[in-house]
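# Coordinate inspection notes
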Amino acid sequence: MIKKSIIVLLLLLPELLFSQVDVKFNVSDTDQYFEIFNKNEAAKIWFDDNENVLIKKASEFLSEDIERVTGVLPAVTGMAAISDLGKIQAKNVIIVGTAENSTLIKTLVKDGKIQTKDLDGQWERFRIQTVENPFPGIDHALVIIGSDRRGAAYGVFTLSEKIGVSPWYWWSDVPVIKQDQIFIEKVDFLSSSPKIKYRGIFINDESPAFRNWAFEKFGGINHQCYEKVFELLLRNKANFLWPSMWLPTMFYVDDPLNPKTANDFGIVMSTSHHEPMTRAHQEWEEFGEGEWNYVTNSERLKEFWKGGLERIGDYETMVTVGMRGDGDDAMSEDTAVDLLETIIKDQRVIIEEVTQKPANHTPQVWAIYKEVQDYFDKGMRVDDDITVLFSDDNWGNIRYLPKKQTAAQKSKYGMYYHFDYVGAPTSYRWQNVTQIERVWEQMKLTYEHGVDEIWIANVGDIKPMELPISFFLDLAWDPDAIQASDLPVYYENWANQQFGAGHAEEIAQLLALYTKYNSRRTPEMLTASTYSVENYREADRIVNEFNELLERSSAVYDKLSSEYHSAYFQLVHSPIEMCANLNEMYVAAGKNRYYGIRGAAATNYYAEKTKEHFENAARLTQKYHEIENGKWNHMMSQTYIGYTYWNHPPLNLMPGVSYVQLQEAEVLGYLIENGRAPRWGWLDVEADWDFSKEMPVFDPINDQNYYIDVINRGKNELAFNVESNEDWIILSSNSGVTQYHEMVYVTIDWDLAPEGKAEGGIVLSGAGEKYHIKVPINNHKIEAIGFVENEGVIAIEADNFSRKSDSENAKLTVVPNLGRTGSSIVLEPMNTERLDNLERAPFVAYDFTSFKEGEFTVEVHVSPTQDFKREGGLMYFIAIDDEEPQLINTNRGEDVPDYKYAEWWLRSVGDNIKKVNSRHKVGGVGHHTLKVWLIDPGVVIQRIVINTGGLKPSYLGPDQSNFIEPK
Ligand code: REL
């Protein structure tokens, strides 16, 4: 596709940072611009041949990227000597190099054409500058200067993105739009250094998907495979990798060219938290002797580690120090601080011996993962040059953040975060379940607590984690550049980058919503009983939401030009389609059980439905594996249905379903919305069983619509009639014929209804039976304000406050889309010390109306943030009306640490929520105000449920209550 006569200004994050570099694809007044490509002629690309090989690589990537856009491959020349220059005539050249080592660039500095002082000694900065008549015989130059080799590469890839090459062009087949001109506005742009020094990913838990894919496509997880990974990292301005290690993968052993290739790409290699001294876990199995135990086998271990250090040579490496047990386990039952201190001391001696330099000349990291936190908590510290890498709880909740350092303290900190995990309560490995909003909130918290040396995310198989990978690495470049209110824009820019501007807004919403829905409960943890079939129409709501998303996604798919289809399928449509199908399968299985124990013919229908969706799941996997002629075969092969414990099932296992034996003749039965319907309750609904023969109470403010679910209990079709005995009772239908079941909806005509409390009735008849159902109403005249009680509950999304008051030094910020249902509120700045003086604490107030008075329970739904401060818990104050505010600890009862699989933790990460309760005495029917004061950062309020006595079990809670504006 050729785009003509449109000026396209790409505004991509992090290009909010780099927006001064302004690329145009069609201009008339060409003098104002540097010409990268025009009329089949491309600028030439020069670099100094004596520079680090990454400069050559970056120059070649730029040339290939220009070819991707224009179809013409610009010539790339490595200048062996500056004297070569005189021999060349060229109109436009792009010069790529470092300030320190490029003779070309140094000559320009000497000639006073550019200056590079502000790049001296800087980390990964770059300058993009246009220069007139840079050298004799050359008219114009575009100079991309790095403060170091990676800086130069990031400058190149910034330009690549601007001309329309997405970092995901290969990994997700994002098309490159063809242009017949590329110009860049005359510019002198100087980037900042990234705020986080080492930014990277961990390819982990990569079998079967990534591993089988790599073996099929590259013959192994070898340097050809890693070239693609390293390129992806550079394009995302990352520099750091924990390589694939799932047994029996060994980065340094499997392909001796792996480390060299990493070094050529400028990627700093390291090994994961339990693989010290660069040696992959599997290596001990292969080359070690004896036990993995420092008490009994230290000499052999030292030898083994020395071998690791010897092979890294002068490649940039971050050496993992410390020791955990064999594999991802604790080293010993007790926290043996002395032993671990000795181990790290001995490892540093090995580092000095091998490198012949003081230990602090080699970057090192000590990972505080799982039980290692105990060592830190017991006071173990390491030398300042070793980065202390804290971690999340494997489920995206930061476990600990350091206290503010004094001027004399110089500790360096990092963070290890997860988008994928193998472990309790149940592994999550199949789809992206991470909301970028939670990443923003937790990593911003991390950053504002001074953790800025390393950020690394466990990304599983890389695919399908493209979106959170982009976001994590963009945020790591500059966490200050993305505020909560920018998050919707981030989605949009990302969608724009992959699929063009046309549908970016809609695609942004699809991305935001599918990740939200998946974050409610991981696909692996879904069961037939996750969402309530019985209460709040929850199960249907989940299916409807997903199917509506799928419909919207299909509409976009149809509208996008076909070149985008593959990328769109990979990045947007397929996760929606697969997860919609999966959720519908579990809801069908839930209904199978629901109708089964109520003896309805619908049982058999939902058993078949479950199977259809299960079979469809296999088809959808197949579809993914077939795109791009099988380029991504295996990538979605992780099993995900039918977990029976934390580890994945060997094969997908359909949820169990039941069938009922039906008699031939039709039989009438019914169930009432939100009503009690005990198992086997059909025995005789007219008898005095504990069974609802009464609909919930209708009132004019909530103006409810409730259903009667007419069920058939026989094989033959059931014809039924429904009649009401009052003109104010409105039925959605008066008769029907059903094989399985059919809903009849009941509403009230309030103009005709009597005042106050009254009762009408409905008669349901068919197959020789007749049932009487009561319809109670309360046509009250209460003046409602704010959120209105319905069936004993008031549910409020946190961002729908009636008033908000920020204080002088702290404010409440809405994080759009964060949470299971709506948006959330958080306290900023995130390094605020506890605000225990209420006068200084910001608050939100929610108006609501209750139809009762008495003791209410308020459930505040907060994200499962850990007590990262270790100061007794993260707290808020809460009060209704004028009562004394109560101090509530969101971490109360969390005394057993997460990694010991504490009950509180298993529940909170599984549900991705914590419901924190407080009791309140509320006097008077009518208008009240609930106030919440946030006093600790990290408390993320998602929603508030006020239970006046009617709350029923469900996963997400009732929908938000009706809201009445104050007059
Ligand atoms: O998520 C993690 O960090 C761990 O599950 C893994 O690093 C773990 O060590 C596993 O791959 C071990 O084989």
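Residues numbered from 1 in each chain as written. Predicted model: local features only at pLDDT ≥ 70, side-chain atom pairs only at ≥ 80, totals over all residues. Heavy atoms only, no water.

To continue, consider the sheet that holds strand 19 (residues 668–672). A sheet is described by the order of its strands in space; here four strands give the open sequence 19-20-24-22, paired in antiparallel fashion. Of all strands in the sheet, those bounded by a partner on one side alone are strand 19 and strand 22 (729–731). Across the sheet, the mean angle from the axis of one strand to that of its neighbour is 30°, orientation sign disregarded. Relative to strand 24 (residues 741–748), strand 20 (residues 706–712) is paired through six bridges, and the arrangement is antiparallel. Each bridged residue has a counterpart across the sheet, and for Ile 708 the counterpart in strand 24 is Val 744. (Pairing = 2+ DSSP bridges. Helix = DSSP H or I, 4+ residues; strand = E, 2+ residues; numbered from the N terminus. Axes fitted to C-alpha atoms, helices over the stretch in contact; angles between N-to-C directions.)

Here we take up unusual backbone geometry. Cis rather than trans, the peptide bond between Ala 424 and Pro 425 has omega equal to -5°. By the element assignment, Pro 425 lies in the loop between strand 17 (412–418) and helix 12 (436–448). Put simply, Lys 463 and Pro 464 share a cis peptide bond, and its omega is 5°. With respect to the helices and strands, Pro 464 occurs in the loop between strand 18 (454–458) and helix 13 (466–477). In this model, Lys 370 sits at a positive phi of 45°, which is unusual for a non-glycine residue. We note that His 634 has phi near 85°; this positive angle belongs to a residue other than glycine. Of the residues examined, His 634 reaches a relative accessible area of 21% and is grouped as partly exposed. (Buried < 20%, exposed > 50% of the residue type's maximum accessible area, 1.4 Å probe, protein only.)

Attention shifts here to the domain arrangement of the protein chain. Considered domain by domain, the protein chain is made up of domain 1 (3–190), domain 2 (198–205 + 236–254 + 264–481), domain 3 (483–659), domain 4 (668–779) and domain 5 (786–964). Taking only C-alpha atoms into account, the centre of domain 1 sits 35 Å from that of domain 2. Taken together, the 21 residues of domain 1 in the interface contact 20 residues of domain 2. Buried area between domain 1 and domain 2, summed over both chains or domains, comes out near 1,800 Å², and the portion from carbon and sulfur atoms is 60%. Per-residue buried area on domain 1 facing domain 2 is highest for Tyr 154, Trp 168 and Trp 171; these three make up 30% of the total on that side. Measuring nitrogen to oxygen at the nearest pair gives 2.9 Å for the salt bridge that ties Arg 150 to Glu 316. Our count for the contact surface shared by domain 1 and domain 2 stands at 11 residue pairs in polar contact (both at pLDDT 80 or more). Mapped by element, the contributors of at least two residues to the side of domain 1 that touches domain 2 are helix 1 (53–70) and helix 3 (149–162). For the side of domain 1 that touches domain 2, the element with the highest residue contribution is helix 3, accounting for five residues. Its residues placed into classes, the side of domain 1 that touches domain 2 shows 13 nonpolar, two polar and six charged. (Domains from an automatic or database assignment. Contact = heavy atoms within 4.5 Å. Buried area = accessible area lost by both parts, 1.4 Å probe. Salt bridge = Lys/Arg side-chain N within 4 Å of Asp/Glu carboxyl O. Polar contact = N/O pair within 3.5 Å; in protein donor to acceptor, adjacent residues only side chain to side chain. Nonpolar A, V, L, I, M, F, W, Y, C, P; charged D, E, K, R; others polar.)

What follows is about the nonpolar core. Ile 94, Trp 171, Phe 210, Trp 366 and Ile 462 are the most contacted members of the largest nonpolar core, which has 226 residues in total. Per-element tally for this core: the top contributor is helix 17 (residues 565–596), with 16 residues. Excluding residues within four positions of it along the chain, Trp 171 makes contact with Phe 210, Trp 213, Lys 228, Val 229, Leu 232, Ile 462, Lys 463, Glu 466, Gln 570, Trp 632 and Met 635. Ranked by size, the runner-up nonpolar core spans 25 residues in total, among them Phe 720, Val 744, Ile 762 and Leu 764. (Core = buried A, V, L, I, M, F, W, Y, C linked by side-chain atoms within 4.5 Å.)

Moving on, we come to the packing of helix 14 (residues 487–499) against helix 15 (residues 504–520). Contact geometry for helix 14 and helix 15: axes closest at 8 Å, N-to-C directions at 115°. Crossing of helix 14 over helix 15 shows right-handed handedness. From helix 14, Tyr 491, Glu 492, Trp 494, Ala 495, Asn 496 and Phe 499 reach across to helix 15, where they touch Ala 504, Glu 505, Ile 507, Ala 508, Leu 511, Ala 512 and Thr 515. Along the lines of polarity and charge, the residues of the contact of helix 14 with helix 15 split into nine nonpolar, two polar and two charged. (Left-handed = near helix turned anticlockwise from the far one by under 90°.)

Residues given the UniProt feature "domain: Gylcosyl hydrolase 115 C-terminal" (unreviewed entry) here are residues 786–959. Counting secondary structure, residues 786–959 comes out at 5% helix and 42% strand; the distance between its end C-alpha atoms is 15 Å. (UniProt positions renumbered as here; feature names shortened; annotations may be inferred.)

Turning our attention to the packing of aromatic side chains. Taken as a whole, this structure holds 56 aromatic pairs when the rule is applied. Pairing Tyr 154 with Trp 477 gives two aromatic rings, centres 5.6 Å apart and planes at 85°, and the pair type is edge-to-face. Here Tyr 154, found in helix 3, pairs with Trp 477, found in helix 13; they are 323 residues apart in sequence, far enough to count as distant. The residues Tyr 154 and Trp 477 share a single accessibility class, namely buried. Three or more aromatic residues link up through ring pairs in this structure, and these residues are Phe 61, Phe 157, Tyr 226, Phe 230, Phe 251, Tyr 252 and Phe 265. Stacked on the ring of Trp 123, the Lys or Arg Lys 197 has its end atom at 4.5 Å from the ring centre. (Phe/Tyr/Trp six-rings, centres within 6.5 Å; stacked < 30°, edge-to-face > 60°. Lys NZ or Arg CZ within 6 Å of the ring centre and 35° of its normal.)

Bringing helix 7 (residues 257–264) into the picture now. The periodicity of an α-helix, 3.6 residues per turn, causes residues three or four places apart in sequence to face the same way. For helix 7, the tally of buried residues reaches six of eight residues, placing the bulk of the element in the interior. Those residues of helix 7 not exposed but buried are Asn 258, Pro 259, Thr 261, Ala 262, Asn 263 and Asp 264. At its buried positions, helix 7 is contacted by helix 1, helix 3, helix 5 (223–235), helix 6 (251–254) and strand 13 (268–269). Phi for Gly 266, located one or two positions after helix 7, is positive at around 75°.

With that settled, the discussion passes to the packing of helix 16 (residues 538–559) against helix 17. Taken N-terminus to C-terminus, the directions of helix 16 and helix 17 make an angle of 155°; their axes are 9 Å apart at the nearest point. Comparing the axis directions of helix 16 and helix 17 gives the class roughly antiparallel. Note that helix 16 runs across helix 17; the crossing there is left-handed. Taken together, the residues of the contact of helix 16 with helix 17 break down into 15 nonpolar, six polar and four charged. (Parallel < 35°, antiparallel > 145°, perpendicular 65-115°, else oblique.)

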